[in-house]
Amino acid sequence: MRILAIETSCDETGVAIVEARLASGTTKSIKVLANLLISQAELHAQFGGVFPAIARREHAKNIVPLILHALKEAKLSKKLKRSRVLTKKENSVLTKIFYKEPELFEVFKDTLLTLKVPAIDAIAVTSGPGLEPALWVGINTAEALGALWNVPVIPVNHMEGHIATALLVQRVHGRATNQLIRSRKSVKSAVYDLRSTQFPALALLISGGHTELVLMPSKGKYKMLGQTRDDAVGEAFDKVARMLGLAYPGGPEISKLAEKAESAVYVKDANLLIRKLSTPLPRPMLKSGDFDFSFSGLKTSVLYAIKKFETLTDRDKELIAKDFEDSVTEVLVTKTITAGKKYNVKEIILGGGVTANKKIRKVFAEKVAQEMPDTKLFIPNVLLSGDNGLMIGVAGLLRSKPKKHIIANGTLKLAKSVSPTLAELRRNKE
Ligand code: KG4
Ligand code: ZN
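Please read these numbers as outputs of a predicted model, since none were measured by experiment. (Residues numbered from 1 in each chain as written. Chains lettered and ligands numbered in written order. Predicted model: local features only at pLDDT ≥ 70, side-chain atom pairs only at ≥ 80, totals over all residues. Heavy atoms only, no water.)

**Remarks on the overall build of the protein**
Then comes step 1: Broken down by element type, the protein carries 14 helices and twelve strands.
Then comes step 2: Looking at the protein as a whole, 53% of its 430 residues are labelled buried.
Then comes step 3: Long-range contacts, defined here as pairs at least 24 residues apart, represent 77% of the contacts in the protein between residues at least 6 apart.
Then comes step 4: Counting only carbon and sulfur atoms, one obtains 55% of the accessible surface of the protein, whose full area is about 19800 Å². (Helix = DSSP H or I, 4+ residues; strand = E, 2+ residues; numbered from the N terminus. Buried < 20%, exposed > 50% of the residue type's maximum accessible area, 1.4 Å probe, protein only. Contact = heavy atoms within 4.5 Å. Areas by Shrake-Rupley, 256 points an atom, 1.4 Å probe, with all protein chains shown as cover.)

Listed below in structure tokens is the structure:
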């Protein structure tokens with residue numbers, strides 16, 4: 001079973017081709033034939049966040065070249081002697097699919113019709129959550145490929161993709177490797193074992209758009225225990241970075257600064273900083289008694305902290321970055337462990353771009369080992385933490401529920417929340 005996977009929910013265009021290796025009917029390992037990514041982060045940096053219209057334009061520009069490249073990598077790209085001519089019916093189906101993207105249709109025809117139908121069994125595509133204009137590019141392309149190659153298209157929840165990443169266990173032997181492609185070069189033949197989850201499990205999903213604590217009582221079942229009431233963790237990292245004059249995406253930048261503050265002189269300087277700020281930054285909702293989060297107030301506290309300085313030195317920035325990162329880490333770890341104990345979970349899974357954060361990874365590993373020694377912790381490989389095509393391929397393989405007409409759903413949920421978010425409350429009032 002081979003799946004071509006497409007991810008376009010935010011600012012990364014990801015395409016992967018994965019081959020499932022089955023044992024007694026279930027997928028036991030996954031061979032990555034291609035896993036390509038083009039990041040738009042630099043383009044969005046000037047706006048300090050992702051600009052949807054630009055994201056859409058860039059996905060539309062990059063998606064077909066990326067698919068062609070992935071097919072080549074996977075050795076599934078065979079040229080036809082003469083380009084295929086679309087039947088009337090095919091033409092009408094594809095025209096409908098691409099009615100808002102005629103340029104993309106032209107590129108599609110110029111390139112994909114020159115190739116033999118590849119040995120691909122299904123296409124997986126992110127259907128949400130994310131930026132809808134961006135999601136549509138991936139969905140339309142997936143549906144067009146599905147029609148052209150006569151294969152089913154599987155919609156994938158992006159967050160389920162992040163969870164799926166933590167199921168990949170890298171093979172130590174062989175040619176397996178974990179490199180994710182940041183350019184158009186790829187790594188050949190990475191092989192991952194697919195481990196099975198021990199239920200009940202708990203997933204903490206932390207990304208640019210989400211902060212969710214999700215209970216997984218059994219396979220494919222989710223119960224939302226809590227989520228952010230305002231900003232997502234990654235969003236808070238990005239906004240605080242902006243306040244400190246750092247580039248987008250802010251997570252890695254804050255992390256670098258915070259690391260500098262972890263030096264021998266830190267304790268002395270931290271005391272100085274605390275004296276300047278009067279108190280350290282708050283640990284929002286740490287003792288709220290539920291599993292919700294809130295990071296907007298923390299961001300405002302950083303703003304007030306910055307205002308207390310006449311001039312903000314690099315050292316001050318490092319210390320603020322560290323206190324911010326410590327605050328976020330403490331809240332995430334404490335709430336996750338409390339939920340883990342309450343529901344007696346056998347494993348804790350972390351997912352989403354923010355799991356690339358070294359401090360968060362380290363403290364989670366320490367605290368789970370100390371406080372829940374019988375619970376296993378799974379954190380995705382740093383190179384697979386952020387959005388990528390492979391995670392959608394793995395989730396698509398596990399779910400395998402094709403759909404005829406896929407609709408982009410910017411607010412697609414894994415499960416209904418226990419307590420409504422502020423945005424939901426406001427919407428209900430209207
Ligand atoms: O999952 P992801 O790639 O995209 C979304 O689905 O949102 O997450 C992106 C987020 C950004 O907000 C970025 O700043 C954050 O992940 N991030 C980090 C780190 N690397 C990326 N946050 C904290 N520390 C990092 N090292
Ligand atoms: Zn993501």
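**Section: the pattern of salt bridges**
Then comes step 1: Counted by the stated rule, this structure contains 24 salt bridges.
Then comes step 2: For Lys61, the salt bridge is made with Glu58, and the minimal N-O distance between the two is 3.2 Å. With a gap of three residues between them, Lys61 and Glu58 both fall in helix H2 (residues 52-73), about one helical turn apart.
Then comes step 3: A relative accessible area of 52% places Lys61 in the exposed class.
Then comes step 4: Arg195 serves as the salt-bridge partner of Glu347, at 2.9 Å between the closest nitrogen and oxygen. Linking Glu347 in strand E11 (residues 347-351) with Arg195 in the loop between strand E7 (190-194) and strand E8 (201-206), this pair joins segments that are 152 residues apart in sequence.
Then comes step 5: The exposure class of Glu347 is buried, given its relative accessible area of 1%.
Then comes step 6: Because the salt bridges share partners, they merge into one network encompassing Arg229, Asp290, Asp292 and Lys335. (Salt bridge = Lys/Arg side-chain N within 4 Å of Asp/Glu carboxyl O.)

**Quick look at the site of ligand 1**
Then comes step 1: Every one of the 19 residues lining ligand 1 counts as a neighbour, but Gly208, Asp238, Gly353, Asn357 and Asp387 are closest to it.
Then comes step 2: A distance of 3.2 Å separates an oxygen atom of ligand 1 from a polar side-chain atom of His158.
Then comes step 3: Contact with the protein chains removes 87% of the 560 Å² of surface that ligand 1 exposes when unbound.
Then comes step 4: Class assignment of the residues belonging to the shell around ligand 1 gives a composition of five nonpolar, twelve polar and two charged.
Then comes step 5: Each of domain 1 (2-195 + 385-415) and domain 2 (201-380) gives at least three residues to the shell around ligand 1. (Near = heavy atom within 4 Å. Polar contact = N/O pair within 3.5 Å; in protein donor to acceptor, adjacent residues only side chain to side chain. Nonpolar A, V, L, I, M, F, W, Y, C, P; charged D, E, K, R; others polar. Domains from an automatic or database assignment.)

**What about the sheet that holds E8?**
Then comes step 1: With mixed pairing, the five strands of this open sheet are ordered in space as E10-E9-E8-E11-E12. Two strands lie at the open edges of the sheet, namely strand E10 (223-227) and strand E12 (376-378), each paired on one side alone. Between one strand and the next, the sheet's axes are offset by a mean angle of 20 degrees, whatever the strand orientation.
Then comes step 2: Strands in contact with helix H6 (residues 158-165) are E8, strand E9 (211-216) and E11; relative to E8, the strand with the most contacts, it is inclined by about 115 degrees.
Then comes step 3: Strands E8, E9, E10 and E11 of the sheet are contacted by helix H11 (residues 314-342), whose axis makes an angle of about 160 degrees with E8. (Pairing = 2+ DSSP bridges. Axes fitted to C-alpha atoms, helices over the stretch in contact; angles between N-to-C directions.)

**Observations regarding the nonpolar core**
Then comes step 1: Ranked by size, the top nonpolar core spans 42 residues in total, and within it Phe324 and Leu332 carry the most contacts.
Then comes step 2: Counting only elements with at least two residues in this core, the list comes to E8, E9, helix H7 (233-243), helix H8 (250-261), helix H10 (296-307), H11, E11 and helix H12 (358-371).
Then comes step 3: With nine residues, the single largest contributor to this core is H11.
Then comes step 4: Leave out the neighbours within four places in its chain, and Phe324 touches Ala236, Phe237, Val240, Ile254, Leu281, Leu298 and Val302. (Core = buried A, V, L, I, M, F, W, Y, C linked by side-chain atoms within 4.5 Å.)

**As for the packing of H7 against H11**
The packing of two helices is summarised by the inter-axis angle and the distance between the axes.
Then comes step 1: Interhelical geometry of H7 versus H11 gives an angle of 170 degrees and a closest axis separation of 11 Å. Taken together, the axes of H7 and H11 are roughly antiparallel relative to one another. Mapping the contact onto sequence places Val233, Ala236, Phe237 and Val240 in H7 and Phe324, Glu325, Val328 and Leu332 in H11. (Parallel < 35°, antiparallel > 145°, perpendicular 65-115°, else oblique.)

**Let's talk about unusual backbone geometry**
Then comes step 1: A cis amide bond links Phe199 to the next residue, Pro200, at an omega of -5 degrees.
Then comes step 2: Here Pro200 shows up in the loop between E7 and E8.
Then comes step 3: Cis rather than trans, the peptide bond between Tyr248 and Pro249 has omega equal to -5 degrees.
Then comes step 4: Mapped onto the elements of the fold, Pro249 is located in the loop between H7 and H8.
Then comes step 5: Non-glycine residue Lys75 carries a positive phi angle of around 60 degrees.
Then comes step 6: Of note, Lys75 is situated in the loop between H2 and helix H3 (88-97).
Then comes step 7: With a phi angle near 60 degrees, Met285 is a residue other than glycine that sits in the positive phi range.
Then comes step 8: In this structure, Met285 sits in the loop between helix H9 (266-277) and H10.

Interpretation in functional terms is not warranted from these geometric data alone.
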